[in-house]
Amino acid sequence: MAGTSIRLDGDVSALLRRMRAYSELDRKNLNAALAESARESTLERFRQSKGPDGRRWKTSVRAATVGGKTLIDTAQLRNSIKSYSDEKGFAVGTNVKHGATHQFGEPGRTIRAKTRKGLRFQVGGRWVTKKQVKVKIPARPFLGLSEEDMQEIKATVEDFIERSE
């Protein structure tokens, strides 16, 4: 097997300094900063009722009938948004069971009554009782990275690189 070599001509000291700075970059703190920025952006989506793509969420029946904001009735989902980071990367998400339903939507879910009395709810101003109902829940994405998030990530990484040089 033949050996491989690389020859660099000219002043390569600046290149070598930059390569050293990349290898010595504090990835743990960088990823912690990126994770917190992405978490804050996700919380802002709840305030604006918008997905990462900038589109407004379809207003929920509850918000339309009794007021309030879509996906923020008890604020359980919003308050469950957590971030995790280490030297390898970062993640933002939720462990709330219904989080995936709201993120991706549900084309037809059957909800069954837990008691004999059944499910009781209002439809068009009239009270209705049913043993089960089928509901369609539209996707209301709250997790993900927007174009603004990507610009923030780029700026944060560049800042960390500059400080390490």
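Throughout, residues of each chain are indexed from 1 in the direction in which the sequence is written. Local features are withheld for residues below a pLDDT of 70 in this predicted model, meaning they are given only at 70 or higher, and side-chain atom pairs are given and counted only at 80 or more; totals for whole chains, interfaces and linings count all residues. Where side-chain values are given, they derive from all heavy atoms of the structure, hydrogens and water being excluded.

Let's talk about empty space enclosed by the protein
At step 1: Points on a 1 Å grid, built from protein atoms alone, make a cavity when a 1.4 Å probe fits but cannot get out and make a pocket when they are open with protein on both sides within 12 Å along at least 5 of 7 lines; residues with an atom within 4 Å of a point are the lining residues. Grid points are joined across faces, edges and corners, and a volume is the space filled by probe spheres set on the points. Evaluated as defined, the whole model comprises one cavity of 30 Å³ or more.
At step 2: The space that makes up the largest cavity amounts to roughly 50 Å³.
At step 3: Along its surface, the largest cavity is lined by L34, S37, A38, L145, D149, E152 and I153.
At step 4: Every helix listed is a DSSP run of H or I at least four residues long, and every strand listed is a run of E at least two residues long, numbered separately from the N terminus. Of all the elements in the fold, those that place two or more residues in the lining of the largest cavity are α2 (27-48) and α6 (147-164).
At step 5: Here the term charged refers only to Asp, Glu, Lys and Arg, the term nonpolar to Ala, Val, Leu, Ile, Met, Phe, Trp, Tyr, Cys and Pro, and the term polar to all other amino acids, Gly among them. Residues belonging to the lining of the largest cavity are distributed by class as follows: four nonpolar, one polar and two charged.

Focus on the layout of surface pockets
Here the idea is plain: a probe the size of a water molecule rolls over the atoms and shows the empty space left.
At step 1: Taken as a whole, the largest pocket encloses approximately 1,300 Å³ of empty space.
At step 2: Only α3 (61-66), α4 (76-79), α5 (99-104), β3 (106-112), β4 (119-123) and β6 (132-137) provide two or more residues apiece to the lining of the largest pocket.
At step 3: Its residues assigned to classes, the lining of the largest pocket comprises 14 nonpolar, 13 polar and nine charged.
At step 4: The computed volume of the second largest pocket comes to approximately 200 Å³.
At step 5: Elements represented by at least two residues in the lining of the second largest pocket include exactly α2 and α6.
At step 6: With four residues, α2 is the largest single contributor of residues to the lining of the second largest pocket.
At step 7: Residue classes in the lining of the second largest pocket are distributed as one nonpolar, five polar and five charged.

Looking at α6
In an α-helix, one turn spans 3.6 residues, which is why side chains three or four residues apart end up on the same side.
At step 1: By this rule the span expected of a helix is its residue count minus one, scaled by 1.5 Å. Counted at 1.5 Å a residue, the expected span for α6 with its 18 residues is 26 Å, and the 26 Å between its end C-alpha atoms agrees.
At step 2: Buried means the residue's accessible area, taken with a 1.4 Å probe over protein chains only, is under 20% of the maximum for its type, while exposed means over 50%, and partly exposed covers the values in between. Taken together, the buried positions of α6 are D149, I153, T156, F160 and I161. Axial view of α6: buried residues confined to an arc of 135°, hence all on one face. Summarising the geometry of α6, the exposed residues directed more than 90 degrees from the buried face are E147, E148 and E162. By arc we mean the arc of the directions from the helix axis to the C-beta atoms, nothing more.

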